[in-house]
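Analysis of the macromolecular model
Read off the chains here:
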2 protein chains.
Amino acid sequence: MNFCNHCGQPVSLKIPVDDNRERFVCDSCGLVHYQNPNNICGAILTSADRVLLCKRAIEPRYGLWTLPAGFMENNETVADAAAREAMEEANAQAGPLKLFGVFSLPYISQVYLMFHGELASEEISAGRESLEVGMFTRDQIPWEELAFPVVTHSLRLFYEQGVKSVHHAWFSRDADRKVTLNIID
Amino acid sequence: MNFCNHCGQPVSLKIPVDDNRERFVCDSCGLVHYQNPNNICGAILTSADRVLLCKRAIEPRYGLWTLPAGFMENNETVADAAAREAMEEANAQAGPLKLFGVFSLPYISQVYLMFHGELASEEISAGRESLEVGMFTRDQIPWEELAFPVVTHSLRLFYEQGVKSVHHAWFSRDADRKVTLNIID
């Protein structure tokens, strides 16, 4: 960040009065530009023993498989965001969504809010951000071609521990960029 | 938003290529400025039958009582954010925190992530954003002087339904600014 989005003048990193960390503050009008984590909302959508996956048509991880998920938008709920992403990425109509997991990824300042629900219809097709979409049994899932650790871990938790309680965990990433799941409750 | 925070030139509201909603886009460098919901992390911290509340020393709702809670910062987990807020607002050391509720407030583009835990120590005192802090039994809580509907509803859910499962709900606000709790699961 270089300039104030209110008045267009340069900003500097400084600790504002009554604050305790550095923010971008406008040198001219004094506006403080806060930067905060983003939520990513997604869903494990099932039909009988199969799960919906999307093959990514966008970077990062072009060509790898993922659960439908994306950045939460203003003026929607977390569940609405997950349902919207399923529609955008797979033209998939989600039934009622139940909270499945809350996963913090502090190393990239993201929080995943994952849901589980039944597909309301098996009519699915690739949206603009997907090369293809499909329904997979546990054995059919391309475990070695999943796009993100949070996707792999969500699917593992789904199969190994089910949906009876909400999973709360965080991911850490070491210097070798190895990502580890830390289960809280 | 009037100016690009990358190059300082004016922005305009337009729908970017491959997008489906209006964003602020720089007329000069083309940068898209996404605006997304913010997370507020907080906690119901207990000691025996009493709950920690803070009397707000800042606007909005100066002088009203609240649970310790505040905006999640980059590079922290949701639980770390809740513990940090308890320390900042009440010099309160939280024990292990368990996810209590996820509450969407789409009308102000916020998501509350509330936790429950025991206080690690009864040594509490007002932080910079609090006029005073205190421990309250259910009957002692100043129910008519609570700062936000999400605080009132969190405390009600805590007493009426407990902490055995994670509460998932959203709040709606009508034209008269009346806020309603909508429980999902």
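About the thresholds
Residues numbered from 1 in each chain as written. Chains lettered and ligands numbered in written order. Predicted model: local features only at pLDDT ≥ 70, side-chain atom pairs only at ≥ 80, totals over all residues. Heavy atoms only, no water. pLDDT = per-residue confidence, 0-100. Salt bridge = Lys/Arg side-chain N within 4 Å of Asp/Glu carboxyl O. Helix = DSSP H or I, 4+ residues; strand = E, 2+ residues; numbered from the N terminus. Buried < 20%, exposed > 50% of the residue type's maximum accessible area, 1.4 Å probe, protein only. Pairing = 2+ DSSP bridges. Expected span 1.5 Å × (residues − 1). Least-squares fit on C-alpha atoms with pLDDT ≥ 70 in both. Contact = heavy atoms within 4.5 Å. Disulfide = S-S within 2.5 Å. Buried area = accessible area lost by both parts, 1.4 Å probe. Polar contact = N/O pair within 3.5 Å; in protein donor to acceptor, adjacent residues only side chain to side chain. Nonpolar A, V, L, I, M, F, W, Y, C, P; charged D, E, K, R; others polar.

1. What about the confidence of the model for chain A?
- Residue-level pLDDT values for chain A average 97, and 100% of them are 70 or greater.
- In the model output, the complex is listed with pTM 0.96 alongside ipTM 0.95.

2. Regarding the pattern of salt bridges
- In this structure the tally under the stated criterion is 19 salt bridges over all chains.
- A salt bridge links Glu73 of chain A to Arg21 of chain B, with the shortest nitrogen-to-oxygen separation between them at 3.7 Å. One end of the pair, Glu73 of chain A, is in the loop between strand S7 (69-71) and helix H1 (78-90); the other, Arg21 of chain B, is in the loop between strand S1 (11-14) and strand S2 (23-26), on a second chain.
- Classification of Arg21 of chain B by relative accessible area gives partly exposed; the value is 25%.
- Two residues, Arg23 of chain B and Glu73 of chain A, come together in a salt bridge whose shortest N-O distance is 2.6 Å. Linking Arg23 of chain B in strand S2 with Glu73 of chain A in the loop between S7 and H1, this pair reaches from one chain into another. Glu73 of chain A carries the same exposure label as Arg23 of chain B, and that label is buried.
- Because the salt bridges share partners, they merge into one network encompassing Asp19, Arg21 and Arg23 of chain A together with Glu73 of chain B.

3. A short note on the sheet that holds strand S2 (residues 23-26) of chain A
Residue and element names in this part refer to chain A.
- With respect to topology, three strands assemble into an open sheet ordered S1-S2-S3, the strand pairing being antiparallel. Unpaired on one side and paired on the other, strand S1 (11-14) and strand S3 (32-33) mark the two borders of the sheet.
- As defined by bridge partners, S2 adjoins S3 across two bridges and the pair is classed as antiparallel. Pairing of Phe24 across the sheet is with His33, part of S3.

4. A look at helix H1 (residues 78-90) of chain B
- For H1 of chain B, which comprises 13 residues, the first-to-last C-alpha distance of 18 Å matches the rise-based estimate of 18 Å (1.5 Å per residue) to within 8%.
- Asn91 of chain B lies just past H1 of chain B and shows a positive phi near 45 degrees.

5. Remarks on the pairing of strand S12 (residues 179-183) of chain B
All names here are of chain B.
- Judged from the five bridges that link them, strand S11 (residues 167-173) and S12 form a sheet pairing that is antiparallel. Across the sheet, residue Ala169 finds its bridge partner in S12, namely Ile183.
- Connecting S11 to the antiparallel partner S12 that follows it, the hairpin turn spans five residues, and Arg177 within it adopts a positive phi of roughly 65 degrees.

6. Brief notes about the relation of the copies chain A and chain B
- When chain A is brought onto chain B, the operation consists of a screw motion whose angular component is 180 degrees and whose axial shift is 0.0 Å, with 0.0 Å RMSD remaining. Both chain copies can therefore be described as sitting about a two-fold axis.
- In this assembly, 100% of the residues forming the interface of chain A have copies in chain B that are likewise at the interface, indicating an isologous arrangement.

7. Some details on the state of the cysteines
- Taken as a whole and assessed by the stated rule, the structure comprises zero disulfides over all chains.
- Cys41 of chain A carries a free sulfur, and the closest cysteine sulfur to it, the one in Cys41 of chain B, is 14 Å from it.
- Between Cys54 of chain A, a free cysteine, and Cys41 of chain A, which holds the nearest cysteine sulfur, the sulfur-to-sulfur gap is 15 Å.

8. What about the interface of chain A and chain B?
- Listed per partner, the contact involves 45 residues of chain A and 45 residues of chain B.
- Area buried by chain A at its contact with chain B is led by Asn5, Glu73 and Asn74 of chain A, which between them contribute 15% of it.
- The interface formed by chain A and chain B includes four salt bridges.
- In this assembly, chain A and chain B are joined by 22 residue pairs in polar contact (both at pLDDT 80 or more).
- Counting only elements with at least two residues in the side of chain A that touches chain B, the list comes to strand S4 (38-47), H1, strand S8 (98-105), strand S9 (110-118) and strand S11 (167-173) of chain A.
- A per-class count over the side of chain A that touches chain B returns 20 nonpolar, 15 polar and 10 charged.

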